[in-house]
Amino acid sequence: MFAGQTAKTLPWMPDDACIARVEGLARTHRAAVHEVLSPVVAAWHPKFRVESAAEFDKMIELSTKMTLVGHACAEVVGAPFGAREQRIAALYGGCCFLADSFIDNFGDAASRDYLRRFDELFLSGWFEVRTDRERLFYVLAARLFAERDMLEPMVRQATLKLHAAQSLDALLRIDPWRTTDLTATQRRALFKRVARDRGGHTILLLTVLVAPRLAPGLVAGLFSAGSLFMYIDDHGDFFTDRRDGRSTYMNLLRRPEPALHRIVTAHFLTILAKLPGNEGRDALLAILARYYFTRIDKHRVQEQGGGTAWDVYE
Amino acid sequence: MSDAPHMAPGGLVVDQVALAIQTLRASTPGHFDALVRIDNRADEAIAPFQFDAARGMLHRKGCRAIPVNAPLLGLAEADPDYMIYACKRCKPVPETSPETKAADRADVMFGLVSLVDQFAGVLKERGRDYRQTADGQHLGAQLQDVYQALGAREKEIVDVVIGALDQVAARLRSLDGGLKQTAAKGED
Ligand SMILES: [Zn+2]
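Residues numbered from 1 in each chain as written. Chains lettered and ligands numbered in written order. Predicted model: local features only at pLDDT ≥ 70, side-chain atom pairs only at ≥ 80, totals over all residues. Heavy atoms only, no water.

Caption draft 1: Fine view of the coordination of the zinc ion. Residue and element names in this part refer to chain B. At the metal site, the zinc ion is ligated by H59 (ND1), C63 (SG), C87 (SG) and C90 (SG), and these contacts range over 2.2 to 2.4 Å. Seen from the zinc ion, its four donor atoms lie at angles of 100 to 122 degrees, and the figure they make is tetrahedral. Sequence spacing of the donors to the zinc ion: H-x3-C-x23-C-x2-C. With H59 in strand β2 (residues 57-60) and C87 in the loop between β3 (72-75) and α3 (105-125), the pair connects residues that are 28 residues apart, well separated along the chain. Judged by relative accessible area, H59 falls into the buried class, the value being 1%. (Donors = N, O, S within 2.8 Å, 3.2 Å for Na, K, Ca; no water. Tetrahedral: all angles 85-135°; square planar, octahedral: opposite > 155°, others 65-115°. Helix = DSSP H or I, 4+ residues; strand = E, 2+ residues; numbered from the N terminus. Buried < 20%, exposed > 50% of the residue type's maximum accessible area, 1.4 Å probe, protein only.)

Caption draft 2: Main features of the packing of helix α3 (residues 53-77) of chain A against helix α9 (residues 216-236) of chain A. Residues and elements named next belong to chain A. As a packed pair, α3 and α9 sit with axes 11 Å apart at the nearest point and diverge in direction by 160 degrees. By the angle between their directions, the pair α3 and α9 is classed as roughly antiparallel. For α3 against α9, the interelement crossing comes out right-handed. Here K65, V69, C73, V76 and V77 of α3 lie close against α9, whose contacting residues are L218, L222 and F229. A per-class count over the contact of α3 with α9 returns seven nonpolar, no polar and one charged. (Axes fitted to C-alpha atoms, helices over the stretch in contact; angles between N-to-C directions. Parallel < 35°, antiparallel > 145°, perpendicular 65-115°, else oblique. Left-handed = near helix turned anticlockwise from the far one by under 90°. Contact = heavy atoms within 4.5 Å. Nonpolar A, V, L, I, M, F, W, Y, C, P; charged D, E, K, R; others polar.)

Caption draft 3: Representation of the side chain of H29 of chain A. All names here are of chain A. Positionally, H29 belongs in helix α1 (residues 16-44). For H29, a relative accessible area of 2% gives the class buried. Here H71 takes part through its side chain, which lies 2.8 Å from a polar atom of the side chain of H29. Those residues within four positions of H29 in sequence are excluded, and the remaining contacts are T64, T67, L68, H71, F81 and Q86. (Polar contact = N/O pair within 3.5 Å; in protein donor to acceptor, adjacent residues only side chain to side chain.)

Caption draft 4: Representation of the packing of aromatic side chains. All names here are of chain A. In total, this model carries 14 aromatic pairs over all chains according to the counting rule given. Arranged with centres 5.2 Å apart and planes meeting at 40 degrees, the rings of Y292 and F293 form a pair that is tilted. According to the relative accessible area criterion, F293 is buried, its value standing at 1%. One Lys or Arg, R117, reaches over the ring of F127 and ends 4.8 Å from the middle of that ring. (Phe/Tyr/Trp six-rings, centres within 6.5 Å; stacked < 30°, edge-to-face > 60°. Lys NZ or Arg CZ within 6 Å of the ring centre and 35° of its normal.)

Caption draft 5: Just the nonpolar core, in detail. Grouped together as the largest cluster of nonpolar side chains are 127 residues, with contacts concentrated most on Y92, L98, F118, F137, L222, F268 and L284 of chain A. Beyond its immediate chain neighbours, meaning those up to four positions away, L284 of chain A contacts V69, A72, V76, I203, L222, A225, F229 and L275 of chain A. One finds C63, L72, C87 and C90 of chain B within the second-largest nonpolar core, a separate group that totals six residues. (Core = buried A, V, L, I, M, F, W, Y, C linked by side-chain atoms within 4.5 Å.)

Caption draft 6: Spotlight on unusual backbone geometry. Residue and element names in this part refer to chain B. Residues other than glycine seldom take positive phi values, yet N69 does so here, at roughly 65 degrees. N69 gets classed as partly exposed once you look at its relative accessible area, which sits at 41%. Here K91, not a glycine, exhibits a phi torsion of approximately 40 degrees, which is positive. Residue placement: K91 occurs in the loop between β3 and α3. A relative accessible area of 56% places K91 in the exposed class.

Caption draft 7: Local environment of the sheet that holds β3 of chain B. Residue and element names in this part refer to chain B. With antiparallel pairing, the three strands of this open sheet are ordered in space as β2-β1-β3. Edge positions in the sheet fall to β2 and β3, since each has one partner strand and no second. Direction aside, neighbouring strands of the sheet carry axes that sit 30 degrees apart on average. Across four bridges, the pairing between strand β1 (residues 49-52) and β3 is antiparallel. Looking across to β3, one finds that Q50 is bridged to G74. (Pairing = 2+ DSSP bridges.)

Caption draft 8: Summary view of the pairing of β2 of chain B. Residue and element names in this part refer to chain B. The sheet contact formed by β1 and β2 spans four bridges and is antiparallel. Counted as the bridge partner of Q50 is H59 from β2. What sits between the antiparallel neighbours β1 and β2 is a turn of four residues, in which G56 has the positive phi angle 70 degrees.

Caption draft 9: Region of interest: the environment of I287 of chain A. As for its position among the elements, I287 of chain A is in helix α12 (residues 279-303). Considering only alpha carbons, one finds I287 of chain A and K47 of chain A, 240 residues apart in sequence, at a separation of 32 Å.

Caption draft 10: Main features of the environment of A259 of chain A. Residue and element names in this part refer to chain A. For A259, the position within the fold is in helix α11 (residues 256-274). Take A259: its relative accessible area is 7%, and that puts it in the buried class. Along the backbone, A259 and M59 are 200 residues apart, and their C-alpha atoms lie at a distance of 29 Å.

Caption draft 11: Structural view of the side chain of R148 of chain A. Residue and element names in this part refer to chain A. As for its placement among the helices and strands, R148 is situated in the loop between α6 (132-147) and α7 (153-174). Using a relative accessible area of 10% as the deciding quantity, one classes R148 as buried. Reaching out from R148, the side chain makes a polar contact with the backbone oxygen of L209 at a distance of 3.2 Å. The residues contacting R148, other than those within four sequence positions of it, are R84, I88, V155, V208, L209, A211 and P212.

Caption draft 12: Layout of the interface of chain B and chain A. Of the residues lining the interface, 46 residues belong to chain B; the matching set on chain A comes to 48 residues. Taken together, the two surfaces of chain B and chain A that pack against each other cover about 4,200 Å², and 61% of this comes from carbon and sulfur. Joining chain B to chain A, the criterion identifies four salt bridges. Among the salt bridges present, the one from K161 of chain A reaches E44 of chain B, with a minimum N-O distance of 2.7 Å. Put simply, chain B and chain A have 16 residue pairs in polar contact (both at pLDDT 80 or more) between them. Contributions of two or more residues to the side of chain B that touches chain A are made by α1 (12-27), α2 (41-45), β3 and α3 of chain B. When residues in the side of chain B that touches chain A are grouped by element, the largest group, nine residues, is from α1 of chain B. Taken together, the residues of the side of chain B that touches chain A break down into 26 nonpolar, eight polar and twelve charged. (Buried area = accessible area lost by both parts, 1.4 Å probe. Salt bridge = Lys/Arg side-chain N within 4 Å of Asp/Glu carboxyl O.)

Here you go:
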């Protein structure tokens, strides 16, 4: 059992050995993520760690989650996960964190401008570095490029699909008029698809970054796992997203908790059906189960007006 | 070359070179359309197969059985691995491209850019004698191959980039002692 676990049951639950393994991996990967990202921050944006300490910690946590999930995905695919893959996953986590921050934290005009500049980066390779934070992002991306052939067709496609899903997500927030003509049902369907694609493409890109080849039979199971991360994430951020004027599928629902439980159950069944039973699949499900239970708790804490427990694996 | 386990090869040198490359655009306006193009939507648009990532099913492009808004991955070719996931309605058959498509010119640029950091590192860390070593000759041969495969316009771009290497090398020389230590750690 996980600490704080609710009475809910899932189609699959990790045993104690699996939980212990994932917790051990989380500790190892957190230390490794620090070793990968801290020197880059120290070299290129030292103020980030000092003046935005909470954000720096969040970046480490997100990267740790990426590395942990990347490790599980590599095991699902049957690929080794060594120091190089650890670096790739940590760099990818850092890039995702900073890219999200550019799009979410600096106002609508900045969001639009960043979306345009990311388009340009992917189309031409050019990215004019204007701030220390942008320099940190660019250096992390350059290191990622140095580690992995970004022109491999699946890597390119996964990158663009993720970018497209994130752009749509951001534009729906910036431009509320885009959804004003939709019925409530259509809105929910749209936002559900946005979450599905953001999460699904995030994990597909992570997998093709850390593994040399992704067999077609594994795509749907991994995509499902990635989507589920996003639904759980959005449930945890239900209140902060509403406060920030950001619609998500979860915060459009009147009774999100039972809906999320149905989603988790359905996705677990898909993952069990689509991925072969091995250590990687079990780790992935254990991470999801843990994430689900901690985020249910986070939602409740926020509902009661308490603090925001961000740490997921501590 | 060995590295600290969590330090990418080249470390801060790679960072400096990557940042220096971005300054090339401003210093050589009009010379570059694309440095490296990750975006392959044009290729995807003409791909004959589409793989539904959510359902794990392979379709021919435009199959009516593809659910609305399915997350599709375009495939230029479908090897036999995919056939057990083939849609029963459009019945895609295994097909590989008749010949490997000529390398995307922007792809070649990436190969070059990835060599730039090694090349700049070579200049700084080992000097011109490096060319006489087996590694140096291997790198030289790779550079020759890349260069030979280019068309006239690409060669012109390459010449600009290589000309700019002097600028890059100058930047590298101006780095502080911390960089020198890191570079030394990255050697052998
Ligand atoms: Zn079909």
